[in-house]
Amino acid sequence: MPFSALGLSAELLRAVAAQGYTTPTPIQSQAIPAVLSRRDVLAGAQTGTGKTAAFTLPMLQILTQSTARHRLPRALVLTPTRELAAQVGESVRVYGQHLSLRSMQIFGGVGMGPQTSALKRGVDIVVATPGRLLDHASQGNIDLSGIELFVLDEADRMLDMGFIHDIRRVIKLIPRERQTLLFSATYSREIEQLAKGLLKNPEQIEVARRNTAAERVDQIVHPVAREHKRDLLSHLIRKGEWQQVLVFTRTKHGANRLAQQLERDGITAAAIHGNKSQGARTRALAEFKSGAVRALVATDIAARGLDIDRLPHVVNFELPNVPEDYVHRIGRTGRAGSDGVAVSLVSGDERGLLAGIERVLGRRIEQQRIDGFEITEREPVVDAPRRNGASQAPGGARSGAPRKHHARSRSDGREPVAARDGAPHHRGRGRNAGGGAGRHRQGA
Ligand code: AMP
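Summarised in this report is the structure supplied together with it. (Residues numbered from 1 in each chain as written. Predicted model: local features only at pLDDT ≥ 70, side-chain atom pairs only at ≥ 80, totals over all residues. Heavy atoms only, no water.)

## Considering the sheet that holds strand β4 (residues 125–128)
The seven strands are arranged β3-β4-β2-β5-β6-β1-β7 in an open sheet whose pairing can be described as parallel. Bordering the open sheet on either side are β3 (103–106) and β7 (203–206), each of which pairs with just one other strand. For this sheet, the mean inter-axis angle between neighbouring strands, taken without regard to orientation, is 10 degrees. Inspection of the sheet shows β3 paired to β4 by four bridges, in the parallel sense. Counted as the bridge partner of Gln 105 is Val 127 from β4. (Pairing = 2+ DSSP bridges. Helix = DSSP H or I, 4+ residues; strand = E, 2+ residues; numbered from the N terminus. Axes fitted to C-alpha atoms, helices over the stretch in contact; angles between N-to-C directions.)

## Focus: the pairing of β4
With burial as the criterion, each face of β4 is covered, one bearing Ile 125 and Val 127 and the other bearing Val 126 and Ala 128. Pairing of strand β2 (residues 75–78) with β4, which is carried by four bridges, proceeds in the parallel orientation. Across the sheet, residue Leu 78 finds its bridge partner in β4, namely Ala 128. Viewed along the sheet, the connection from β3 through helix α5 (residues 112–121) into β4 turns out right-handed. (Buried < 20%, exposed > 50% of the residue type's maximum accessible area, 1.4 Å probe, protein only. Right-handed = clockwise from strand over helix to strand, strands pointing away.)

## Focus: the site of the ligand
Among the 15 residues in the neighbourhood of the ligand, the closest are listed as Tyr 21, Gln 28, Gly 48, Gly 50 and Thr 52. Note that an oxygen atom of the ligand is positioned 2.5 Å from one of the side-chain N or O atoms of Thr 52. Notes on the ligand: free accessible area 500 Å², of which the protein chains cover 81%. Residue classes in the shell around the ligand are distributed as three nonpolar, eight polar and four charged. Lining the shell around the ligand are residues from two domains, each supplying at least three of them: domain 1 (3–206) and domain 2 (217–400). (Near = heavy atom within 4 Å. Polar contact = N/O pair within 3.5 Å; in protein donor to acceptor, adjacent residues only side chain to side chain. Areas by Shrake-Rupley, 256 points an atom, 1.4 Å probe, with all protein chains shown as cover. Nonpolar A, V, L, I, M, F, W, Y, C, P; charged D, E, K, R; others polar. Domains from an automatic or database assignment.)

## Things to note about the pattern of salt bridges
All told, the structure shown has 18 salt bridges when counted by the stated rule. Where Glu 358 meets Arg 364, a salt bridge forms, and the shortest distance between an N and an O atom there is 3.0 Å. Given the relative accessible area of 62%, Arg 364 is considered exposed. The network of salt bridges with common partners includes Arg 226, Lys 229, Glu 318, Asp 349 and Glu 350. (Salt bridge = Lys/Arg side-chain N within 4 Å of Asp/Glu carboxyl O.)

## A word on the nonpolar core
Core analysis: the largest hydrophobic core is formed by 40 residues, its most contacted members being Leu 8, Leu 57, Met 59, Leu 60, Ile 125, Leu 181 and Phe 183. If near-sequence neighbours (up to four positions away) are discounted, Leu 57 is found in contact with Phe 3, Leu 8, Leu 12, Val 16, Ile 32 and Tyr 95. Counting residues in hydrophobic clusters, the runner-up holds 32 residues, among them Ala 118, Ile 142, Leu 144 and Phe 163. (Core = buried A, V, L, I, M, F, W, Y, C linked by side-chain atoms within 4.5 Å. Contact = heavy atoms within 4.5 Å.)

## Structural notes on the environment of Gln 61
Along the chain, Gln 61 turns up in helix α3 (residues 51–65). A relative accessible area of 5% places Gln 61 in the buried class. Separated by 38 residues in sequence, Gln 61 and Leu 99 have C-alpha atoms that sit 9.1 Å apart.

## Focus on the environment of Arg 329
In this structure, Arg 329 sits in helix α15 (residues 323–330). Sequence separation between Arg 329 and Thr 299 is 30 residues; the distance between their C-alpha atoms is 9.8 Å. What Arg 329 contacts, discounting residues up to four positions off in sequence, is Phe 248, Thr 249, Asp 300, Val 314, Asn 316, Glu 318, Leu 319 and Pro 320. Of the polar contacts made by the side chain of Arg 329, one reaches the side chain of Asn 316; its length is 2.9 Å.

Right, here's the structure in full:
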């Protein structure tokens with residue numbers, strides 16, 4: 001089915017063609033007609049499926065068809081991270097280039113002033129992270145009573161990040177009478193509950209099972225002692241002549257340190273994580289995309305929503321604590337139909353994590369020993385605190401204590417969100433008092 005059969009206007013088709021897209025992806029061919037017919041939609045779709053265009057294109061069309069009776073925003077897209085907000089905002093701009101709609105992005109980490117001015121001038125579409133949006137709302141900068149179309153993008157991630165209270169607050173500010181689209185990579189009881197409260201008789205669309213990426217991507221485990229991981233990574237990059245590799249570490253410090261070490265090994269590298277300014281992150285991403293930087297070292301949260309096409313290599317320098325993060329990570333390779341390879345460097349203490357991941361995948365991952373980097377007999381095979389100071393945790397802390405330290409802030413081992421986005425810790429506390437993870441807001 002060509003794009004022209006979906007009921008989109010000539011202006012939108014022109015913008016789509018300019019992007020070089022010839023055929024709609026499955027989520028697009030199902031969601032676009034549903035949204036245009038003004039149905040609510042509950043869509044199961046991961047990053048990489050073309051989900052952004054699936055809601056952006058019909059949203060733009062609907063807004064051009066209905067005339068604004070006021071200068072208030074008429075469409076609101078909520079995203080979990082500012083990176084994603086920036087990417088969705090960019091898609092809105094690109095697809096809407098031949099239309100006269102005004103859009104803006106609202107997220108934290110940058111000054112409120114320019115956003116407030118843009119709101120004063122009037123916009124049709126707001127793409128926002130929940131925290132900063134609520135900041136504007138509480139200061140009376142934004143009136144959400146004109147919202148006709150509400151999109152929750154990556155709803156599962158928003159719940160994971162503790163945004164449920166913020167989402168509920170936003171919902172109270174928008175009209176009951178509206179069209180709502182909910183996109184989520186995974187389904188859980190929480191998502192079901194949220195959907196039930198938000199959506200009216202939704203069209204349900206499921207384009208790919210969660211593990212589809214996992215099935216498409218070649219996966220390899222290299223068993224290696226922790227202290228040899230960095231050498232092995234440099235070796236793999238050089239020997240394989242990898243020109244573009246996304247490397248995942250568990251912590252921000254680990255990402256920084258690894259990027260520096262790779263640089264010392266003569267491999268251009270940059271770290272991307274929540275402590276970096278928006279400018280630094282954008283720059284690192286641009287350099288990575290242009291090929292000036294060969295290795296981009298990222299934490300899970302920072303990498304989430306990064307728009308990088310067809311990554312040939314993804315490396316798990318450390319396995320994530322949560323198997324789903326593994327699936328998200330390797331989903332970064334082989335996008336848009338091309339193949340990718342996901343390489344995991346697994347030390348003895350990570351075997352329990354590997355077993356958990358293999359349980360979720362429903363199969364074993366092929367293991368390949370690399371000459372000179374084998375795990376020695378002395379390497380512990382159970383997940384126990386390390387004794388050797390040389391094989392310290394990537395967080396920069398030494399054996400024993402450090403892992404507990406990470407575990408304390410979040411039991412799932414992910415980065416604490418407040419630190420992740422560089423937002424001062426006191427912000428948002430009032431709003432989420434006693435809200436557990438909800439206190440840590442992204443994009444505050
Ligand atoms: P998304 O799932 O929205 O993050 O999109 C994944 C990638 O697919 C983005 O880089 C889009 O530019 C690209 N894309 C979206 N729609 C299409 C299409 N119909 N054909 C080819 N590529 C597309």
